[in-house]
Amino acid sequence: MSLLKTKVSRRKFLGLTSGALASTLVMSNFGVLKKVGASEEKGNSKYGRKFVPSTCAICVNKCGFIAEVDNGVIRKINPNPKFFKSRAMICARGNAGAKVPYDPDRLKKPLIRVGKRGEGKWKEVSWEEAYDYIVDNVVKLVRKYKNRSTIAFASTEGFQEEYFIDLANIIGTTNTVRHPTLCLASNIQGYSSVFGTFPDADIANAEFVIIAGSNRAEAIVTPDTIDMAKNHRKQTLIYIDPRATKTTALADKWYPIKPGTDLALVLAMIHVIIKENLYDKEFVEKYTYGFDKLAEHVKQYTPEWAEKETEIPASEIYWLAREFAKHAPRSIWYPGRRSSFYANDVYYRRACAILNAICGAWDRPGGLIPKSKIPLRKYEIEFPIFDWTRDRIDAGKVPFLGDVLPEEDKTDAGLPTDSCQYLSEKDGSWILFREAILKGVPYPVKGLFVYKQNPVESVPNRKKTLQMLEQMEFICTIDVAMSDTAWYSDVVLPESTYLERWDPVHSLNGVVPIAVMRQPVIEPLFDTKSMFEIMCNLAHKFMERKDFWEDTSEEDLEMFKETCLKRLTKNPVKDFAKYQVSKYPGAFEQLLKEGVFYLSDKPKYGKTLKDGFRFKTRTGKIELYNVKYEEKGLHPLPVYTRHTDPKPGQFRFVVGRHGQFTHASTQNNPWLLEAYGDKENAVWINAKVAAKMGIKAGDKVKVKSPVGEQIVKALPTEYIRPDVVFYVHGFGRLSKGLSNIYRVGASDAEIIVDYMESISGNAAMHETFVTIEKI
Ligand code: SF4
């Protein structure tokens with residue numbers, strides 16, 4: 001069945017998942033915590049002092065907080081101790097969220113471009129004018145190309161993202177591209193190919209934890225980082241990364257592995273565990289499929305072989321394997337989140353899942369755990385079926401797939417070069433999506449809506465993104481600040497911040513699920529609207545245009561009016577939130593008062609280990625050998641591909657987290673810049689290598705890759721391998737609307753080559769080689 005057919009037959013409301021990401025720890029003012037639950041001190045007006053529980057939106061962790069509001073002004077954001085995932089802590093970025101509504105760089109009114117794209121000339125308009133402008137342009141494009149999919153939608157996760165996707169469904173496009181292929185798509189694919197689901201890790205109860213390339217201590221504050229810190233004395237933590245990060249400081253051992261060889265290490269550990277009979281035989285026999293084929297396959301991957309690949313001594317690999325098996329099932333190879341590293345990331349993540357599986361470290365205390373959730377009610381919406389909707393541009397056979405694969409992956413047996421077969425329909429693949437638009441294949445995409453995402457800074461190879469924007473006949477960006485993408489748009493709609501609006505209830509799925517929502521902490525300060533209001537207003541504006549609905553039936557249109565216009569757009573988000581939890585008496589009141597709702601604060605283990613349970617795989621078992629991969633022409637077991645080494649004078653460029661920054665969204669925050677300790681980023685280069693090149697701290701250097709170059713300060717350090725360089729993401733920006741970071745420091749989007757993981761469609765951001773030149 002084609003994706004189009006799937007889409008058309010599945011006309012229901014598209015549910016969205018939420019996930020986890022990014023920071024450093026700031027202990028909060030515990031004095032304030034006593035006031036939790038007491039929502040205010042002086043009446044219920046916006047005047048006086050009050051404490052409002054809500055949910056952070058600065059990263060995907062969505063920590064609960066209590067905002068302290070004085071005479072309508074946010075004074076401080078404190079952690080919510082009832083949000084047990086964060087163990088009564090909140091990170092620097094969460095604290096600095098208090099600055100967001102008052103940021104002088106905030107968008108305050110709708111804007112329509114009057115100069116050339118990127119020139120920065122705008123006129124302020126009313127919301128009515130902005131809506132009319134948008135509807136006129138969309139209708140014009142849809143009719144011109146007789147194709148609704150000529151309008152594309154790009155977004156990143158958030159509590160209101162589902163309303164943005166609703167707008168895409170109202171317009172009738174299939175082309176929605178979300179953030180996973182810049183983040184965790186390979187991870188989801190790899191773990192799901194073994195367990196049928198992407199699990200959580202029961203770090204709190206684990207004894208032996210291996211983390212590779214996931215800088216948890218800076219990326220995300222809760223709950224895992226807290227547990228790692230708390231468990232330090234009773235837990236062995238192994239950290240593997242070519243760069244020493246703050247997570248290294250928590251670890252018992254740090255291995256600065258040769259980049260791109262993590263799969264070799266995992267395969268060699270599996271080899272040892274099977275060869276020495278250290279695996280959990282009973283578990284393997286009862287719950288897994290394909291063990292014999294796996295055992296045969298990994299015979300080739302000895303620790304001695306892996307030593308040459310990884311530069312980790314074979315003796316250490318034996319030790320890691322034996323310790324992992326000894327502590328199982330309380331052992332974890334930590335899944336982490338971002339997996340946009342290499343072109344073989346799916347096989348690497350499959351191998352990590354297999355390592356846990358053969359040791360029986362699944363659905364038991366201290367192992368990998370299938371995520372639980374709190375079921376919520378939702379509206380069933382019937383969107384119209386349109387004749388002019390076409391299959392999405394980045395699906396199925398992709399004639400140019402070979403153009404975005406690194407050389408070694410084009411020839412690797414088992415990897416397809418013309419189809420990205422496991423692409424998620426609702427998430428798409430950013431690299432393929434942009435390439436298809438640039439090449440006009442299979443049809444022109446000429447309109448773009450962007451919500452909360454900033455592809456100019458987030459997608460590798462910035463020049464290509466700018467070319468893609470240049471090709472568009474219409475671009476609308478919805479954001480709280482003038483992102484680089486907004487800067488190149490035709491119309492910019494200012495969104496209310498997460499501190500000024502209602503957001504629906506979300507279940508944060510995990511070992512112990514918890515439900516949260518957002519309520520306004522303060523009144524909106526400017527002429528802004530939430531994504532929900534924007535969607536509703538545009539839906540009604542589109543209804544007024546008779547020429548927009550000619551390719552759908554009367555019956556469909558009536559159904560849409562009944563279910564979407566009357567149900568979704570007529571009920572404020574607050575009412576929807578109440579409806580979502582209506583099967584749990586008192587839940588909404590609890591969310592209002594305490595900011596959280598949960599059914600239990602204890603993990604539940606073993607539901608997938610009960611007799612008769614079927615895993616969501618072809619065989620219904622944990623698939624060490626993946627049957628579907630075999631059918632699709634992929635290798636059913638994880639195969640190792642040797643990566644190209646940098647040539648003399650070249651370095652591998654890697655990206656990673658920093659405690660003050662979430663993606664490209666918080667660098668302009670003055671509090672976080674101050675906490676970062678510098679106004680710009682600097683390239684980490686090994687101190688000995690820098691000395692040989694005559695580069696000193698603070699010298700300006702040119703970092704050059706096959707797709708671009710940037711000038712940046714040098715930071716010679718012992719904390720990075722000699723063959724690797726790194727700098728913090730999100731500087732060197734193109735938007736003059738980001739006054740603290742416009743053209744300050746270096747952008748990594750400018751230099752990272754747009755290579756891709758061929759199975760998941762995930763960007764492969766660590767496949768770029770650069771040269772460094774002192775200037
Ligand atoms: S980890 Fe920090 S930024 Fe992320 S949700 Fe929690 S407080 Fe906010």
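Rules used throughout
- Residues numbered from 1 in each chain as written.
- Predicted model: local features only at pLDDT ≥ 70, side-chain atom pairs only at ≥ 80, totals over all residues.
- Heavy atoms only, no water.
- UniProt positions renumbered as here; feature names shortened; annotations may be inferred.
- Salt bridge = Lys/Arg side-chain N within 4 Å of Asp/Glu carboxyl O.
- Helix = DSSP H or I, 4+ residues; strand = E, 2+ residues; numbered from the N terminus.
- Buried < 20%, exposed > 50% of the residue type's maximum accessible area, 1.4 Å probe, protein only.
- Arc of directions from axis to C-beta.
- Axes fitted to C-alpha atoms, helices over the stretch in contact; angles between N-to-C directions.
- Parallel < 35°, antiparallel > 145°, perpendicular 65-115°, else oblique.
- Left-handed = near helix turned anticlockwise from the far one by under 90°.
- Contact = heavy atoms within 4.5 Å.
- Nonpolar A, V, L, I, M, F, W, Y, C, P; charged D, E, K, R; others polar.
- Expected span 1.5 Å × (residues − 1).
- 1 Å grid on protein atoms, 1.4 Å probe; cavity = no way out; pocket = protein on both sides within 12 Å on 5 of 7 lines; lining within 4 Å.
- Points joined across faces, edges and corners; volume = space filled by probe spheres on them.
- Domains from an automatic or database assignment.

Looking at an unreviewed UniProt entry, one finds the protein chain named Molybdopterin oxidoreductase, with Deferribacter autotrophicus as its source organism. Heading Sequence similarities (unreviewed entry) of the UniProt record for the protein chain holds this comment: "Belongs to the prokaryotic molybdopterin-containing oxidoreductase family." Turning to the protein chain, the UniProt annotation filed under Cofactor (unreviewed entry) states: "Mo-bis(molybdopterin guanine dinucleotide)".

Residues and numbers for the pattern of salt bridges, please.
This model, assessed by the stated rule, comprises 52 salt bridges. A salt bridge links Lys463 to Glu750, with the shortest nitrogen-to-oxygen separation between them at 3.0 Å. Of the two residues, Lys463 is situated in helix α19 (residues 462-471) and Glu750 in the loop between β27 (724-726) and β28 (768-774); the sequence distance between them amounts to 287 residues. Overall, the relative accessible area of 39% leaves Lys463 in the partly exposed class. Relative accessible area serves as the criterion here: at 9%, Glu750 is assigned to the buried category.

Tell me what's going on with α19, and back it up with residues and numbers.
All of the buried residues in α19 are Arg462, Lys464, Thr465, Met468 and Leu469. For α19, the angular spread of buried residues about the axis comes to 160°, placing them on one side.

Run through the packing of helix α4 (residues 127-145) against helix α21 (residues 531-543), naming residues and quoting values.
Packed helix pairs are characterised by how far apart their axes lie and by the angle those axes make with each other. Contact geometry for α4 and α21: axes closest at 10 Å, N-to-C directions at 60°. By the criterion of interaxial angle, the relationship of α4 to α21 is oblique. Here α4 and α21 pass one another in a crossing that is right-handed. Here Trp127, Glu128, Tyr131, Asp132, Ile134, Val135, Val138 and Val139 of α4 lie close against α21, whose contacting residues are Glu533, Ile534, Asn537, Leu538, Lys541 and Phe542. Class assignment for the residues of the contact of α4 with α21 results in nine nonpolar, one polar and four charged.

Describe helix α14 (residues 314-327), listing the residues and the values that go with them.
For α14, which comprises 14 residues, the first-to-last C-alpha distance of 20 Å matches the rise-based estimate of 20 Å (1.5 Å per residue) to within 8%. Listing the buried residues of α14 in full gives Ala314, Ile317, Leu320, Ala321, Glu323, Phe324, Ala325 and His327.

Tell me what's going on with the UniProt feature "domain: 4Fe-4S Mo/W bis-MGD-type" (unreviewed entry) in the protein chain, and back it up with residues and numbers.
Mapped onto this structure's residue numbering, the UniProt feature "domain: 4Fe-4S Mo/W bis-MGD-type" (unreviewed entry) falls at residues 49-105. Secondary structure across residues 49-105 divides into 9% helix and 40% strand, with the first and last C-alpha atoms of the span separated by 27 Å.

Explain empty space enclosed by the protein residue by residue, including any values.
Put simply, the second largest cavity is a space of about 380 Å³. As for the second largest cavity, its lining consists of 31 residues, and the residues nearest its centre are Gly213, Ser214, Arg338, Phe341 and His766. Those elements giving two or more residues to the lining of the second largest cavity turn out to be α7 (216-219), α10 (262-275) and α15 (345-358). Of the residues forming the lining of the second largest cavity, the biggest block, three residues, is contributed by α15. Of the residues belonging to the lining of the second largest cavity, the class tally is 13 nonpolar, nine polar and nine charged. Shared between two domains, the lining of the second largest cavity holds at least three residues of each, these being domain 2 (184-371 + 606-632) and domain 3 (650-774).

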